[in-house]
Amino acid sequence: MKPVISIEQLSFTYAGSEHPAISEISVTVKPGEFIGITGPAGAGKSTLILCLNGIIPHFQHGEYRGRVRIDGVETLTMHCAEISRKVGSVFQDPEAQIVASTVEDEIAFGLENFGVEPDVIEARITDALQRIGIEGLRHRSTTELSGGQKQRVAIAAAVALRPEILVLDEPTSELDPLGTKEVFEVLKQLNREYGLTIIVVEQKINILLEYIERLWVMNGGRLVADEPPRRIVNQPELLTDVGLQIPPVSELMYRLKAAGYYSGELPLTVDEAYWALLKCRGGKR
Amino acid sequence: MIKVEQLTFAYPNGMPVLENLSFEIKSGEFVALIGQNGAGKTTLLKQFNGLLKPTGGTVRIDGIDTRNSTTGILAQKVGFLFQNPDHQIFLPTVAQEIGFGPANLGCSREEIDRRVREAAAQVGLEPYLNENPLFLSKGQRQRVAFASLLSMRPQVMVLDEPTTGQDYREGIEIMEMVKALHRQGHTVIFVTHDMELVARYAERVIVLSQGRILMDDTCRRVFYQPDVLRRTNLFPPQIPTLVQKFDCYQEDFGTPLSVEELYATITGCGGEEYVHCS
Amino acid sequence: MPPLPAAEEKSMSIVANYLNRDSVIHRLHPLTKLFWSLWVMGLSFLFSDLWSLAALFFSVVAIAAMARMLREMVPVFKGLFFFALFFWAFQVLLIAEGRPLLTLIPGNPGLRITDRGVFIATAMGFRLMVIASSFPVLLATTQMKDLVVVLVEKLKIPYSYAFMFITSLRFIPTFMNEMEQIIQAQCSRAHRLDSRNFVTRFFSICPLAIPLLITSVKKAERMAISMETRGFGIGKRTYLHRYDFNRVDWLVSFGLVLTVIGAVMINLTGMWN
């Protein structure tokens, strides 16, 4: 399948900074993939996201080298309006990315900017709210929403523009466990049912590994690992080397496996760990 | 150290946020306060240093009724670490920032210097004393904020989501500093959404739901009553959740909280024993 | 819904906010309502006699009642009333002409209240209330975004200015909330805001102002990025909600224009004075 995103030897140094924020990243993304990015603070995760949605190099000054292609077209040569129709973005701070005072107007904002006809906007709003499963919030005021609701409204606003790719920069960092789960359930739905390509930066590794198909680990501006979650838990050093941890249940089974108590696949979730632990017992008996 | 009696609190012309809470926190305890967003956790924390005063009942810090005191005076007993360090950093050097509290307390220049050095050492900021805090990383700025409360030498540390917005390593580093202070006899009360962090550090857990205390017990007992937690949309850490799936099989793993504990039970029930006896 | 923090509640009442009702007034075109509030202000300057100004004020009250929000507007009218009373007390003493009704200090002709003074001061008080009351009624019956659409579409004000205006209103509660957090963070470091000395008082603002400035700039930057990714300012935009200027609107506007012309004529011919 033709890649929807291809990044070649990408480096970027912010104006006024001595060190590159990201360096020599080369990677491709197939349509419909669900990718997680993790890594310590200052690893270049947000910079990479800004390179995907065109803020770099169009609005952020600095030294840009390499290529980012969306659907085969280089972002450097695209008008940034074109990029934003293909790549939807959701950011960390729910407060700072909501510009309108009602949910309906918030979702309409992008469509209005693109000059979409009012009756089409109407239909797109209904559709986006349905896809995200928040039809009930349509006429609510944005100031009275919970954090999880605000982030889902932000996702709906991005989805209403019908992008092929959705990039999210730590969308759950200000949310409680319930809000975090709500956001990931929505992403899963969008990925499975509508084939949306999703790239999400996330610190909460337990929930991330449960949902994604492919993990990028970044450190010091470089992409240091690009593996499916299953392989990541088999090589915990990929995460521990950069100061992160695999989920506790994966770690438990990893250690039991290393000590010879278990020989199967390593679990990613508590449910899988339950079956693994049962098998572990059965295998030994 | 902290005595709360029938505490009720409501914002002006609003619904009560806290309703009839009574509990005591003894000197040297390590307490986690958990609950959903909007459960009243931060509102409760702010009662401990008088930022908010009870609308009913009393909060006593070391015997002092918070209504008869001010936040400035209570700051020497209760240090408050806020979620976002950017809400307080405003001076051009780390040293001045850490010295702001003691200066407000009217300490002499030598005393301020001594306290700044001491607090910077406690959080590992000595090399940065002359830097501008705005150019430090988010994790380092959080440490500046932490040092600027330590320099007022409070006995109690109140931490509101101290690890939010930081990576795993930075979060653990902050919590390890807190743990070290706890070992020196400080009382610690912290709010977090990260249950793994609660399991790792807290001795006692208070679960808040809609302004009431749902549970107040040891960490172990709270996480082994998941049905109560679930009612407030919280999920226990992974290891207790895993162990509790085995209930129907009458498996005896005990009540482990960490990977180490469960690993030891499985292998240590002496490794072989697990294999043989099951 | 979790209860709002105190700061948010306060700011809500400062900005006269939209009250969602279904009424004749709410259904009018935003432009008609804008005309009306300008009409009220214009007339209040054309007339200077007590009875017309009082009538004008009660017409504003009547419009509020027609919009089915009299109860919510009572605090606004009440606040204005006290303000006008204060103003009246000043005015009434300044007007010396007319028949004295009361002398405050016997023998001192400067401080006396005359019949004409009472009349004029009361009229002025009403004018003040009229001028200040029409905008709250406008804002409570018209959503800010609809006003912006009208300003941009009909009155050709550039969208980015209108957008800036509406967004700054939307962010007031957010910044009030930030301010509250900052005050609490600094108080927790024994910072005192209640200094008597003017100079120290001035400097005691810095620990609050600097973090507010820095966090606001950060927020603005994030918002700008979020807006860029949603195509802000790329070309001609459309609007989800459009309002037709229908027959009622034409009728009302026509009526407003007629009364203004009438009032000007009356004024010019000096019929009232």
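Residues numbered from 1 in each chain as written. Chains lettered and ligands numbered in written order. Predicted model: local features only at pLDDT ≥ 70, side-chain atom pairs only at ≥ 80, totals over all residues.

Moving on, we get to the interface of chain A and chain C. Taken together, the contacts link 30 residues of chain A with 25 residues of chain C. Counting residues per element, the ones that place at least two in the side of chain A that touches chain C are α3 (80-86), α4 (94-97), α5 (103-113) and α6 (118-132) of chain A. Here the side of chain A that touches chain C gets six residues from one element, more than from any other, and that element is α5 of chain A. Its residues assigned to classes, the side of chain A that touches chain C comprises 14 nonpolar, nine polar and seven charged. (Contact = placed C-beta atoms within 7 Å. Helix = DSSP H or I, 4+ residues; strand = E, 2+ residues; numbered from the N terminus. Nonpolar A, V, L, I, M, F, W, Y, C, P; charged D, E, K, R; others polar.)

Now for the pairing of strand β8 (residues 197-201) of chain A. All names here are of chain A. A large share of β8 lies buried, amounting to five of its five residues. Alternating residues of β8 divide into T197, I199 and V201 and I198 and V200, and every residue in both groups is buried. Two strands pair when backbone bridges link them, and strand β3 (residues 34-38) and β8 are joined in this way by four bridges, in the parallel orientation. Counterpart to G36 in the pairing with β8 is V200. Of the strand pairs in this sheet, strand β7 (residues 165-169) and β8 are connected by five bridges, and their pairing is parallel. (Buried ≥ 20, exposed ≤ 12 C-beta atoms within 10 Å, placed from the backbone. Pairing = 2+ DSSP bridges.)

Turning next to the packing of helix α7 (residues 147-159) of chain A against helix α8 (residues 177-194) of chain A. Residue and element names in this part refer to chain A. Taken N-terminus to C-terminus, the directions of α7 and α8 make an angle of 20°; their axes are 8 Å apart at the nearest point. Between α7 and α8, the angle is such that the two are roughly parallel. Here α7 runs over α8; the crossing is right-handed. Note on element contacts: α8 touches α7 through L178, G179, E182, V183, V186 and L190, opposite G147, G148, Q151, R152, I155 and V159. Its residues assigned to classes, the contact of α7 with α8 comprises six nonpolar, four polar and two charged. (Axes fitted to C-alpha atoms, helices over the stretch in contact; angles between N-to-C directions. Parallel < 35°, antiparallel > 145°, perpendicular 65-115°, else oblique. Left-handed = near helix turned anticlockwise from the far one by under 90°.)

Counting 183 residues, the largest nonpolar core has A156 of chain A together with L33, V158 and I189 of chain B as the members making the most contacts within it. Broken down by element, the residue count for this core peaks at seven residues, all from α7 of chain A. Both domain 1 (5-246) and domain 2 (247-285) of chain A contribute no fewer than three residues apiece to this core. In contact with L33 of chain B, other than residues within four places in its own chain, are K41, L44, L45, I189, V191, I206 and L208 of chain B. Core analysis: the next-biggest nonpolar cluster, separate from the first, contains 30 residues, W39, L53, A84 and L128 of chain C among them. (Core = buried A, V, L, I, M, F, W, Y, C linked by C-beta atoms within 7 Å. Domains from an automatic or database assignment.)

This next bit is on the sheet that holds strand β2 (residues 16-25) of chain B. All names here are of chain B. One open sheet holds the four strands; their spatial order is β2-β1-β4-β5, and the pairing between them is antiparallel. Of all strands in the sheet, those with a lone pairing partner are β2 and β5 (64-65), marking the two edges. With two bridges joining them, strand β4 (residues 56-61) and β5 adopt antiparallel strand pairing. Counterpart to I61 in the pairing with β5 is I64.

A few words now on helix α12 (residues 248-258) of chain A. Residue pairs three or four apart in sequence face the same way in an α-helix, which turns once every 3.6 residues. Of the residues making up α12 of chain A, those classed as buried are P248, V249, S250, E251, L252, M253 and L256 of chain A. Looking one or two residues beyond α12 of chain A, the residue adopting positive phi is G260 of chain A, at roughly 90°.

Let's shift gears to the interface of chain C and chain B. Facing 21 residues of chain C, the contacting portion of chain B comprises 26 residues. Of all elements in the fold, only α1 (6-14), α8 (159-187) and α10 (206-228) of chain C reach the threshold of two or more residues within the side of chain C that touches chain B. For the side of chain C that touches chain B, the class distribution of residues is twelve nonpolar, six polar and three charged.

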